[in-house]
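Residue-level structure breakdown
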Amino acid sequence: MKNRYRYGYSLLVCLLLMRFHLHAQELYVYTDPASTMPAKSIILKQSYLKMEGIANANWNTQLELSPKKNWMVHIGTNYSATDLYLQHRFYSSDQVHQHTRLAWYAKAVSAGATPSTEAILLDGQQKFWGAGLIATRLQHKWASSMSLGYLYRYVGNTTFTSQAIQYSLSNGLLLYPVSYKNYNQTNINLYAEILGQKQIGGTGYYIDIAPAIQFIFHSQAKLNIGYKWPIVDHMSRLGGRSLYISYDYLFFNALSRAKKPKMN
Amino acid sequence: MDSCIYLKIQNMKSKLILLLLIIGSSFYAQAQIKSAEILASGLTCSMCSKAIYKALDKIPFVDTVKVNIETSTYIVDFKKGETVQIEQLRDAVYDAGFAIDKMQLLANWDEKLAAKDAVFGAFGYQFKWQLNANKSIASPQKVTIVNKDVQPINGVYLLKF
């Protein structure tokens, strides 16, 4: 247990120290920043989640849309659940190489299984909805994002609590390239995120740490590999430790009607 | 004889009209916004930069976009003879999720002198020189749009150089 804390905190300290030499990144693997995706664009995402102690992996296919500036919608599905995520950026203050942004989000997951754990599982195994706020600050070589949200799940005939608070703190760094020259350079980003949940009407809570590495190809496709484990765990739940891999591709202007005529 | 002179006069008239049209069209072609230099704000990553690049590049009157990812600077060249719409350039950057810190236009202006506080029309827009004193205008002359977020005030763009 002590080793677990030590590894977690060491990783955080390393990332905090490294931030002074590197560029910031906010394309987080486990959470969304307050920034929304480019208007009229589409992202197709396939993810794989393998939780410790559970035989079957969770494959999720997601479509992300930005029909309008400052708005984005995610629609996801896996073998047992469908999820819908909506985010609206309502405040932006941009300066060169820095910004402060605020957004609200709402998420709903429809799943057939009744709760079997104290924790509200966020990865598509339980029926719940939630909403909250995200604040993101990008300043040259430092980017940090935090979120605070409310969760409500449908508990059926079980005695589990139905409400919880969830929160996150995310930091990200660009490892490579040292300086950008063109859009075809492969980017390597390193992230450390802290993800927590606290019961409302109960005493259970957990805090996870989730380091991740991200490869960005042609400034358009992302490969994310993350591993999450608990640093504080006072709640029964499935898969406290988990491996997460996802790949997504961004289609710029895919929803835009105006097409530039091709030059002969 | 009379009809011959009449034909010659008519011929000269046609040539004169043609000459005037050519001169006029050459002036029209010269009096165009040639390029824009945009300093975008609110981004550091190449994926974000590419979102702006793609949004600018798809605008029909845009010819080429050159980008410096490190400085978030975009040099946008326009097609000859096309009408440049400043608001489309602005919307492209904001729709990509970012803002404009500075937009500069390189253009051949009809005026040779920029009179302090003078309001004038050009390229389909109303402009106002925001200068401390009258200045000579070069050809071409690069000017900076002073308006915050490149939003015109009462339909007027404020310019300085």
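Everything here concerns the structure above.
Description of the structure in this document. Here, residues in each chain are numbered from 1, in the same order as that chain's written sequence. Labels are handed out in written order, letters beginning with A for the chains and numbers beginning with 1 for the ligands. Local features in this predicted model are restricted to residues whose pLDDT is 70 or higher, and side-chain atom pairs enter the listing and the counts only when it is 80 or higher, whereas totals over whole chains, interfaces and linings include all residues. By convention in this description, side-chain values take in all heavy atoms of the structure and omit both hydrogens and water.

**Regarding the pattern of salt bridges**
For the record, the criterion: Basic side-chain nitrogens of Lys or Arg form a salt bridge, by our definition, when they fall within 4 Å of a carboxyl oxygen of Asp or Glu. Buried, partly exposed and exposed residues are distinguished by accessible area as a fraction of the type maximum, computed with a 1.4 Å probe on protein chains only: under 20%, between the cut-offs, and over 50%, respectively.
Here the structure, examined in full by the defined rule, presents eight salt bridges over all chains. The partner of Arg 101 of chain A in a salt bridge is Asp 94 of chain A, and the shortest N-O contact between them spans 2.7 Å. Asp 94 of chain A gets classed as buried once you look at its relative accessible area, which sits at 18%. Among the ionic pairs, Asp 149 of chain B bridges to Lys 148 of chain B, the shortest N-O distance being 3.6 Å. Take Asp 149 of chain B: its relative accessible area is 28%, and that puts it in the partly exposed class. Residue Lys 148 of chain B is classed as exposed on the basis of its relative accessible area of 68%. The network of salt bridges with common partners includes Asp 208, Asp 233 and Arg 237 of chain A.

**What about the environment of Thr 71 of chain B?**
Filter applied, for reference: Helix and strand assignments follow DSSP, with helices taken as H or I runs no shorter than four residues and strands as E runs no shorter than two, numbered in order from the N terminus. Contact between two residues is taken to exist if any of their heavy atoms lie within 4.5 Å; hydrogens are not considered.
Inspection of the secondary structure assignment puts Thr 71 of chain B in the loop between strand S2 (62-68) and strand S3 (73-78). With a relative accessible area of 34%, Thr 71 of chain B lands in the partly exposed category. Spatially, the C-alpha atoms of Thr 71 of chain B and Gln 88 of chain B are 22 Å apart, while their sequence positions differ by 17 residues. Discounting chain neighbours no more than four positions away, the residues touching Thr 71 of chain B are His 97 of chain A together with Leu 39 of chain B.

**Some points on the pairing of strand S6 (residues 119-122) of chain B**
Residues and elements named next belong to chain B. For the record, the criterion: Each pair of strands is called paired provided DSSP finds at least two bridges between the two strands.
The two faces of S6 differ: Phe 120 and Ala 122 on one face are buried, but Val 119 and Gly 121 on the other face are not. As judged from the four bridges shared by S6 and strand S7 (residues 125-129), these two strands associate in the antiparallel manner. Directly across from Ala 122, in S7, lies its bridge partner Tyr 125.

**Thoughts on the state of the cysteines**
All names here are of chain B. Inclusion rule: When two cysteine sulfur atoms are found within 2.5 Å, that pair is recorded as a disulfide.
Under the criterion given, the structure shown has one disulfide over all chains. Bridging Cys 45 to Cys 48, the disulfide has an S-S length of 2.4 Å. Note on the Cys 45 and Cys 48 pair: the S-S dihedral is about 85 degrees, so by sign convention the disulfide is right-handed. Of the residues examined, Cys 48 reaches a relative accessible area of 17% and is grouped as buried.

**Side note on the nonpolar core**
For clarity, the cut-off: In plain words, nonpolar cores are sets of buried Ala, Val, Leu, Ile, Met, Phe, Trp, Tyr and Cys residues tied together by side-chain atoms within 4.5 Å.
One finds Leu 56, Tyr 74 and Leu 89 of chain B to be the most contacted residues of the largest nonpolar core, which totals 71 residues. Tallying contributions element by element places helix H2 (residues 46-57) of chain B first for this core, with six residues. Among residues more than four places away in sequence, those in contact with Leu 89 of chain B are Ala 36, Ile 38, Leu 56, Ile 59, Phe 61, Val 62, Val 76, Phe 78, Val 84 and Met 103 of chain B. Of all hydrophobic cores here, the second largest spans seven residues; its members include Val 109, Ala 111, Ile 120 and Ala 164 of chain A.

**Details of the layout of surface pockets**
Short version of the rule: Of the grid points, spaced at 1 Å and generated over the protein atoms alone, those admitting a 1.4 Å probe that cannot get out make up cavities, while open sets with protein on both sides within 12 Å along at least five of seven lines make up pockets; any residue with an atom within 4 Å of a point is treated as lining. Grid points are joined across faces, edges and corners, and a volume is the space filled by probe spheres set on the points. Charged residues are taken to be Asp, Glu, Lys and Arg, nonpolar residues to be Ala, Val, Leu, Ile, Met, Phe, Trp, Tyr, Cys and Pro, and polar residues to be all remaining types, Gly included.
What the largest pocket holds in volume is close to 460 Å³. Residue assignment for the lining of the largest pocket shows that the elements contributing at least two residues are strand S5 (81-95) of chain A together with helix H3 (86-95), strand S4 (99-107) and strand S9 (141-145) of chain B. Among the elements that take part in the lining of the largest pocket, S4 of chain B stands out by supplying five residues, more than any other. Across the lining of the largest pocket, the residue classes tally to eight nonpolar, seven polar and nine charged. In this model, the second largest pocket occupies a volume close to 340 Å³. Lining the second largest pocket are 19 residues; nearest its centre among them are Lys 40 and Ser 256 of chain A together with Lys 58, Ala 92 and Asp 95 of chain B. Here the element with the most residues in the lining of the second largest pocket is H3 of chain B; it accounts for four residues.

Don't take any of this as a statement about function, it's just geometry.
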